[in-house]
Structure formats: structure tokens, C-alpha cells
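Notes for the structure review
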Amino acid sequence: LEDPVVLQVAAATGRSAAQVLLRWALQQGVMVLPKSANPDRIISNAMLWDFSLSAAQQSAISDLNRKQRFYLRPDDVQVGSFAKRRHHRHRWRT
């Protein structure tokens, strides 16, 4: 969120760096699920459909690729009671 390229695109579009990155991902065809407990940030994260990034802006952000991936291993994700119920089979199903 503090990269100079992202901040430059944010200033040019009149949006926050977070909105720019979320919009970039959407235009790349990536499904995004932003998370926040802050009501103002939730609204801001949802305001992605009334602007778009130019091809040059998309390319500039894409060029920031550092070949790094961040993900959670499935074994590290805690699951709640729903996951336990999901595996329950109904009696009529065998």
C-alpha cells in the first residue's frame, strides 16, 4: 500500500491505494474478498465499480510482480463447527 507506483496511480484516479490494488486484481480477473471490521473501510473496499484503471496503470502495477505468493496452508486454517457438520451424512445417503 506504500509503493510509489501504487500511490501514483491512486493519486491519478482519486482513490486510495487499497482501492487501486483491489481494482487492479478485479481487472486481472481475480476474485477478491477484502476483509475489514472498520465500517468506513468496508464501504471504501466496495466502491470499486465506478472507476477503472487504464492499460498503462494496469501494466505499471503488474510490473511490480516480485514472484512472491502469500497463502495459508489448509492445515493452518482453523475451522468451526460448520466444518464438522459438513461431513455428517444423512441417513438416506449411503
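Now for a look at the structure at hand. This one's a predicted model, so the numbers in the text were calculated from it and none came from an experiment.

**Quick notes on helix α1 (residues 4-13)**
Of all the positions in α1, only Val6, Val9 and Ala10 are classed as buried. Around the axis of α1, the buried residues are gathered within 100° of arc, so they sit on the same side. Those residues of α1 that are exposed and aimed more than 90 degrees away from the buried face are Pro4, Gln8, Ala11 and Ala12. The inward-facing, buried residues of α1 contact α2 (17-27) and α4 (55-62). Here α1 starts with a cap whose side-chain oxygen sits 2.9 Å from the backbone nitrogen of Val5, and that cap is Asp3. Positioned one or two residues after α1, Gly14 has a phi angle of 75°, which is positive.

**Looking at the packing of α1 against α2**
Packing of α1 against α2 brings their axes to within 8 Å, and their N-to-C directions diverge by 95°. Looking at the two axes, α1 sits roughly perpendicular to α2. Contacts between α1 and α2 involve Val6, Leu7, Val9, Ala10 and Thr13 on the former and, on the latter, Ala17, Val20 and Leu21. Here the contact of α1 with α2 is composed, by residue class, of seven nonpolar, one polar and no charged.

**Notes on the pattern of salt bridges**
A pair can form between side chains of opposite charge whenever their charged atoms are brought close. Taken as a whole and judged by the stated rule, the model has one salt bridge. For the salt bridge of Asp50 with Arg15, the shortest nitrogen-to-oxygen distance reads 2.8 Å. Taken together, the positions of Asp50 in the loop between α3 (39-46) and α4 and Arg15 in the loop between α1 and α2 put the pair 35 residues apart, joining distant regions of the chain.

**What to know about the side chain of Arg15**
Arg15 gets classed as buried once you look at its relative accessible area, which sits at 18%. Setting aside residues no more than four positions away along its own chain, Arg15 makes contact with Ala10, Val20, Met47, Asp50 and Phe51.

About the cut-offs
Residues numbered from 1 in each chain as written. Predicted model: local features only at pLDDT ≥ 70, side-chain atom pairs only at ≥ 80, totals over all residues. Heavy atoms only, no water. Buried < 20%, exposed > 50% of the residue type's maximum accessible area, 1.4 Å probe, protein only. Helix = DSSP H or I, 4+ residues; strand = E, 2+ residues; numbered from the N terminus. Arc of directions from axis to C-beta. Contact = heavy atoms within 4.5 Å. Polar contact = N/O pair within 3.5 Å; in protein donor to acceptor, adjacent residues only side chain to side chain. Axes fitted to C-alpha atoms, helices over the stretch in contact; angles between N-to-C directions. Parallel < 35°, antiparallel > 145°, perpendicular 65-115°, else oblique. Nonpolar A, V, L, I, M, F, W, Y, C, P; charged D, E, K, R; others polar. Salt bridge = Lys/Arg side-chain N within 4 Å of Asp/Glu carboxyl O.

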